[in-house]
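Each chain, letter by letter, is given below.
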Amino acid sequence: MGIFVDRETRAIVQGITGTQGRFHTRLMLDYGTKIVAGVTPGRGGMEVHGVPVYDTIEEALGKHEAEASIIFVPAPFALDAALEALENGLKTIVIITEGIPIRDSMEIVARAKQRGATIIGPNTPGVITVGECKLGIMPAQVFKEGSVGVASRSGTLTYEIAAAISRGGFGVSTCVGIGGDPITGLNFVEVLERFRDDPSTEAVILIGEIGGDLEERAARYILEQGYLKPVAAFIAGRSAVAGKRMGHAGAIIQGRAGTAESKIQALREAGVEVAERPGEIAKIVGELLGRD
Amino acid sequence: MNLLEFEAKEVFSRYGIPVPRGEVASTPSQAEEVAERLGVPVAVKAQVAAGGRGKAGGILFAETPQEARDVAGRLLGSEIHGLRVRKVLVEERLRIKRELYFGITVDRSSRCYVAIASSEGGVEIEEVAATAPERIVRFPIDPLYGLKSYHALRIAKALGYSGRQLRSLSSLFHRLYTLAVEQDAELTEINPLVETPEGEFIAADARLNIDDNALFRHPEFKERLFSEERGDLTPEELEARRRGLAYVKLDGEIGVIGNGAGLTMATLDMIRLQGGRAADFLDLGGGASSERMSSALSLLFSDPRVRVVLINILGGITRCDEVARGILEVKEKMGFRRPIVVRMIGTNEEEGRRILREAGVEVLESMEEAAERAVEIARRE
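Keep in mind that this is a model prediction, so the values were computed, not measured.

## Digging into helix 10 (residues 290-301) of chain B
The end-to-end C-alpha distance of helix 10 of chain B is 16 Å, a good match for the 16 Å that 12 residues give at a rise of 1.5 Å each. Counting buried positions over the 12 residues of helix 10 of chain B gives 10, a clear majority of the element.

## Some details on the interface of chain B and chain A
Where interface size is quoted, it is often the accessible area lost as the parts come together. Tallying the contact residues gives 48 residues for chain B and 60 residues for chain A. Taking both partners together, chain B and chain A bury about 4200 Å²; carbon and sulfur atoms supply 59% of that area. For Glu 186 of chain B, the salt bridge is made with Arg 245 of chain A, and the minimal N-O distance between the two is 2.8 Å. Between the two partners, chain B and chain A, sit 18 residue pairs in polar contact (both at pLDDT 80 or more). When contributions to the side of chain B that touches chain A are tallied by element, the ones reaching two or more residues are strand 7 (98-107), strand 8 (112-118), helix 6 (163-182), strand 13 (246-249), helix 9 (261-273), strand 15 (280-283) and helix 13 (367-380) of chain B. Here the side of chain B that touches chain A takes 10 residues from helix 9 of chain B, the largest share from any one element. By residue class, the composition of the side of chain B that touches chain A is 23 nonpolar, 9 polar and 16 charged.

## Let's talk about unusual backbone geometry
Note that the residue after Val 40 of chain B, namely Pro 41 of chain B, is joined by a cis bond; omega there is -5°. Locating Pro 41 of chain B in the fold gives a position in the loop between helix 2 (28-38) and strand 2 (42-46). With omega at 5°, the peptide bond leading from Asn 191 of chain B into Pro 192 of chain B counts as cis. Inspection of the secondary structure assignment puts Pro 192 of chain B in strand 10 (residues 185-195). Despite not being glycine, Asn 123 of chain A shows a phi value in the positive range, around 65°. Within the secondary structure layout, Asn 123 of chain A lies in the loop between strand 7 (118-120) and strand 8 (126-129).

## Comments concerning the domain arrangement of chain A
All names here are of chain A. On domain assignment, one finds that chain A holds domain 1 (10-120) and domain 2 (138-288). Each side of the interface is counted separately: domain 1 has 9 residues, and domain 2 has 10 residues. Taken over both partners, the interface formed by domain 1 and domain 2 buries close to 790 Å², and the fraction arising from carbon and sulfur atoms is 65%. The interface formed by domain 1 and domain 2 includes 1 residue pair in polar contact (both at pLDDT 80 or more). At the level of secondary structure, the elements contributing two or more residues to the side of domain 1 that touches domain 2 comprise helix 4 (102-115) and strand 7.

## Looking at the sheet that holds strand 2 of chain B
All names here are of chain B. In space, the 4 strands of this open sheet follow the order 1-6-2-3, with antiparallel pairing throughout. This sheet does not close on itself; its edge strands, each paired only once, are strand 1 (22-25) and strand 3 (59-62). Neighbouring strand axes in the sheet, compared pairwise and without regard to direction, differ in orientation by 25° on average. Where strand 2 and strand 3 come together, 4 bridges link them in antiparallel fashion. Bridge pairing links Val 44 to Leu 60 in strand 3.

## Description of the packing of aromatic side chains
In the structure shown here, the tally under the stated rule is 4 aromatic pairs over all chains. Taking 5.9 Å as the distance between ring centres and 55° as the angle between the ring planes, the aromatic pair formed by Tyr 221 of chain A and Tyr 227 of chain A counts as tilted. Across the pair, exposure class does not vary: Tyr 221 of chain A and Tyr 227 of chain A are buried alike. With a centroid separation of 5.2 Å and an interplanar angle of 85°, the aromatic rings of Tyr 161 of chain B and Phe 201 of chain B are classed as edge-to-face. Here Tyr 161 of chain B, found in the loop between helix 5 (149-158) and helix 6, pairs with Phe 201 of chain B, found in strand 11 (residues 201-203); they are 40 residues apart in sequence, far enough to count as distant.

The rules we used
Residues numbered from 1 in each chain as written. Chains lettered and ligands numbered in written order. Predicted model: local features only at pLDDT ≥ 70, side-chain atom pairs only at ≥ 80, totals over all residues. Heavy atoms only, no water. Helix = DSSP H or I, 4+ residues; strand = E, 2+ residues; numbered from the N terminus. Expected span 1.5 Å × (residues − 1). Buried < 20%, exposed > 50% of the residue type's maximum accessible area, 1.4 Å probe, protein only. Contact = heavy atoms within 4.5 Å. Buried area = accessible area lost by both parts, 1.4 Å probe. Salt bridge = Lys/Arg side-chain N within 4 Å of Asp/Glu carboxyl O. Polar contact = N/O pair within 3.5 Å; in protein donor to acceptor, adjacent residues only side chain to side chain. Nonpolar A, V, L, I, M, F, W, Y, C, P; charged D, E, K, R; others polar. Domains from an automatic or database assignment. Pairing = 2+ DSSP bridges. Axes fitted to C-alpha atoms, helices over the stretch in contact; angles between N-to-C directions. Phe/Tyr/Trp six-rings, centres within 6.5 Å; stacked < 30°, edge-to-face > 60°.

Below you can see the structure in the form of structure tokens.
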């Protein structure tokens with residue numbers, strides 16, 4: 001069972017005819033994801049890897065049923081694409097696109113809240129429920145099926161840690177990238193709530209980084225709620241300098257706020273084991289699951 | 001991207017936010033002419049995109065046009081926080097009854113804009129927040145409603161104003177909010193917002209930081225993306241941006257190239273754990289081509305501080321063989337000017353290893369081991 005997607009999820013790819021959209025549609029289909037339609041304005045009538053393409057989501061939904069979408073369109077058009085998905089009633093929207101203006105993200109997230117939809121991203125590798133559905137761009141081969149839930153603000157670092165979990169003989173239930181932008185649809189607390197209620201997940205790994213206070217708020221939540229599943233974390237950016245964006249738009253220490261130290265301290269105070277190195281995660285997972 | 005004060009004030013004026021009378025000067029004699037036109041006394045303000053400019057001696061006052069010329073001469077060509085002063089803004093000197101603060105910024109936790117107002121202007125707002133939080137009014141703005149007039153009135157009222165002043169102050173707040181939205185501000189602030197003895201409100205300083213990702217809808221500032229005037233980037237960082245690389249200069253001697261922001265940050269952290277110091281953060285981004293790799297490596301080879309380069313690649317969308325070809329290209333074009341340490345796993349790993357082995361480069365499996373190796377070499381070199 002998945003917390004955002006599962007083997008039943010039917011998805012539309014927005015921007016399916018672009019290089020990225022085309023490439024990842026292939027990989028998602030290979031994984032077994034049900035991609036029922038694609039949308040690219042002006043390309044209606046085409047097919048991509050056997051998936052029919054429509055000019056609008058409305059037309060796609062006239063022919064197919066879907067509850068999710070994944071967006072690959074360029075940043076200037078992402079707001080429009082997300083609003084189109086929301087207005088047509090899609091409930092889970094993954095926004096892969098990087099470089100979306102903050103104001104557009106704020107609008108997308110507010111509209112989604114109003115409509116009771118979930119936004120994953122922007123600037124995310126997406127979500128994978130291992131063995132069931134991949135709505136994202138992550139390399140499938142690094143994930144093995146298991147009981148560890150992963151929530152992350154980054155891409156390749158997540159694959160690094162997923163690979164370490166696999167090497168350690170463990171596996172992942174669902175891995176979700178919340179996104180590297182300052183404004184994202186999900187925060188760690190919301191993902192922790194989903195993992196809490198997910199019978200497939202026995203332990204949770206948070207992969208955080210400098211900037212903002214999502215990790216501090218997750219720590220507060222874990223402490224105040226007496227979170228029942230064990231949680232471990234890795235926080236990137238201990239050697240970052242203040243005032244500089246470290247690759248991600250959201251990875252910036254502003255004044256004294258958003259340092260790795262503050263996040264690590266808050267998490268440790270909440271009883272979360274924080275790894276010093278990504279390679280240690282497998283050992284920690286073993287301890288959390290009570291196996292060595 | 002931070003605009004310079006005079007540019008921000010031009011934008012403010014377009015939105016009907018009162019600013020002091022003033023003009024920009026690039027030479028001392030221009031400053032003198034401006035002071036004559038405006039009438040003395042004047043403030044002469046260095047135009048650099050850096051905070052804490054006043055404390056650093058970037059704002060001087062003049063009682064005569066001759067003095068304006070002298071102080072402009074002192075500021076022009078000097079450096080403030082490492083930034084060269086190329087222009088000064090000469091302005092009428094305001095008479096001050098009270099200094100306020102008003103700003104609009106992004107509240108990441110609430111995922112919306114927040115208006116921040118304070119009766120304690122003229123100092124850094126973070127300082128007020130730390131020492132006198134009760135003097136700060138924070139008002140989160142619902143993105144679907146926006147800041148309405150009655151919201152702005154409520155904020156102005158919380159600062160203790162009434163009657164005509166309440167109306168003029170709240171209208172100024174509302175104008176700044178409109179500006180923030182239309183100009184895609186990440187941050188815009190007026191500090192200090194001066195109340196004159198006559199009861200008028202004037203933006204004595206103006207800050208406008210535009211979201212880089214929104215510059216496609218602001219053509220007037222777009223070309224500034226890669227210009228040195230923006231002030232928040234070093235020359236090396238600008239060059240990297242022109243090459244499409246995310247690069248931040250650090251003060252160590254181990255060059256770092258990674259793919260993905262989180263992985264690259266974690267690589268820097270591993271170096272630090274091993275007792276080394278990174279010279280940079282350089283993220284190739286997703287699906288890096290051999291061109292991007294070779295461009296990144298040659299950029300680091302041109303940095304005299306760099307003693308060794310550590311390359312950490314986790315192939316997902318990025319293909320290890322592409323990266324390896326990029327490394328090879330640099331070897332063929334300019335040779336390895338410094339030792340390199342490569343860690344590479346993932347998509348097309350075997351092919352990547354083969355290419356590098358033939359070029360005499362050993363590829364490591366773990367990032368911890370690679371960081372250790374790079375630190376060792378940096379100590380030796």
